[in-house]
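Observations on the three-dimensional arrangement
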Amino acid sequence: MPTRILPAVGDADAVRSITTLLSQLPDAEPVAPVVDSTQLIDTLARLAAESVDELPEVVVVHERIGPVPALELIREVALRFPAVGVILVTSDASPGLFQAAMDYGARGLVALPLGYEELASRVQAVAQWSVGVRRHLGAGGDVFTGVGGTVVTVSGAKGGVGATLTAIQLALAAQASGRSTALVDMDLQTGDIASYLDVQFRRSVVDLAAITDISPRVLADAVFRHETGLALLLAPAEGERGEDVTDRAARQIVSALRSRYEVVVIDCGAQLSGAGAAAVEMADRALLITTPDVVAVRGAKRAVRMWDRLQIRKAEETTVVVNRHSRGTEIQPPLIQKITCTAVAATAIPANFKELQSVVDAGRVHELESKSAVKQALWGLAGELGLVKVSEGGQKAGRFRGGDRGSVSFRRRREG
């Protein structure tokens, strides 16, 4: 059986040399190379969604791949797609880098300039390892093989537009529908999820920042299990400690959460930190919350442009959610879509703070009444984003499986 090899190389000259040499290997079947880390993860996720057998046996990662550094990318591939063997191609073949590559999950290292014999030997060994893992998985081994849970980030165009409330209600909707859900406060200096949910806590996301190998037990020790069933990973009580959560730490934390929960909702706040940027880049869906006023919409446009300049997220891959919407406002969703050049969620959140005031002041937003128009819209948004699990025949009934008391109907999007 031919060995499928996926090169991940950003440099044009390196692409040509690596693909040419790979094509000469016996029983090798190189596939079209990917040029950056985002394209690699997206490609593997798409293939894994079909079947683990569709994944390439070997991925060759060049040391200058970007924007995610090569070692961080190897760790994410190893966590999310454990049946894929990764080879790092690097000009630094020192024992220190070799050990680091192995610690991050690589199955081999090949030095530049590439030699046929070394590359052939390493590819063959890694391919055999990959086939063995898949045989084990096929026999029912208890190894995580899926593409991972769905990660959704929620960012604010500016402070006070409702990003935290949106994140909480999306997570509650997913949890109530029967999906295991984690809610993460990545607004590291000013995060308020604990206040909104009336939580007293000792551990926070900072406790995971210095850990290089986040095991399920370590993760379980760091999260707070809320009465609703949500797993909460909260921002530190001392805002200055948020600086300890680097972009590298954030990637490890998000990857660990993705491998354990079906849905991961991350509140990134309105200020872009390195950790928040890493989360937005890794997310399956990145939401940007705005209100229909000039200042907030300008903030949304500014954020979208900044994400694009920093190669965090393209505008067309960002979804804007309009909060506090009413038909009487001059700025409507189609205009916001035109200004920001993003997708705009079909579900707009109505302006009705009176429904929220009592539960917000009490720190009990999870007790917001089911008949609340705001809650119905936010849970409808969760349905639009595919975060909820619908029971058999649920599309007709429009109810969550195991939903909260007095379950909430989805809003159906009109055809055409």
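Residues numbered from 1 in each chain as written. Predicted model: local features only at pLDDT ≥ 70, side-chain atom pairs only at ≥ 80, totals over all residues. Heavy atoms only, no water.

**Concerning unusual backbone geometry**
- Omega for the bond connecting G66 with P67 falls within 30 degrees of zero, at -5°, which places this linkage in the cis form.
- The peptide bond linking L112 to P113 adopts the cis configuration, its omega dihedral lying at -5°.
- The phi dihedral of D27 is positive, around 60°, even though this residue is not glycine.
- Even without being glycine, Q311 reaches a positive phi, approximately 60°.
- Note that Q311 resides in the loop between α12 (294-309) and β12 (318-322). (Helix = DSSP H or I, 4+ residues; strand = E, 2+ residues; numbered from the N terminus.)

**Structural notes on the packing of helix α3 (residues 70-80) against helix α4 (residues 95-104)**
- Where α3 contacts α4, the axes come no closer than 8 Å and their chain directions differ by 30°. The angle between α3 and α4 falls in the class roughly parallel. Within the contact between the two elements, α3 uses L71, E72, I74, R75 and A78 and α4 uses L97, A100, A101 and Y104.
- Of the residues that constitute the contact of α3 with α4, the class distribution is seven nonpolar, no polar and two charged. (Axes fitted to C-alpha atoms, helices over the stretch in contact; angles between N-to-C directions. Parallel < 35°, antiparallel > 145°, perpendicular 65-115°, else oblique. Contact = heavy atoms within 4.5 Å. Nonpolar A, V, L, I, M, F, W, Y, C, P; charged D, E, K, R; others polar.)

**Remarks on the UniProt feature "domain: Response regulatory" (unreviewed entry) in the protein chain**
- The feature "domain: Response regulatory" (unreviewed entry), as annotated in UniProt, sits at residues 4-127 in this numbering.
- Between the C-alpha atoms that bound residues 4-127 the distance is 9 Å, and the span itself is 48% helix and 19% strand. (UniProt positions renumbered as here; feature names shortened; annotations may be inferred.)

**Overview of the environment of D207**
- If you trace the backbone, D207 turns up in helix α8 (residues 206-209).
- Since its relative accessible area comes to 29%, D207 is described here as partly exposed.
- Residues D207 and L233, 26 residues apart in the sequence, show an inter-C-alpha distance of 10.0 Å.
- Here S204 takes part through its backbone nitrogen, which lies 2.7 Å from a polar atom of the side chain of D207. (Buried < 20%, exposed > 50% of the residue type's maximum accessible area, 1.4 Å probe, protein only. Polar contact = N/O pair within 3.5 Å; in protein donor to acceptor, adjacent residues only side chain to side chain.)

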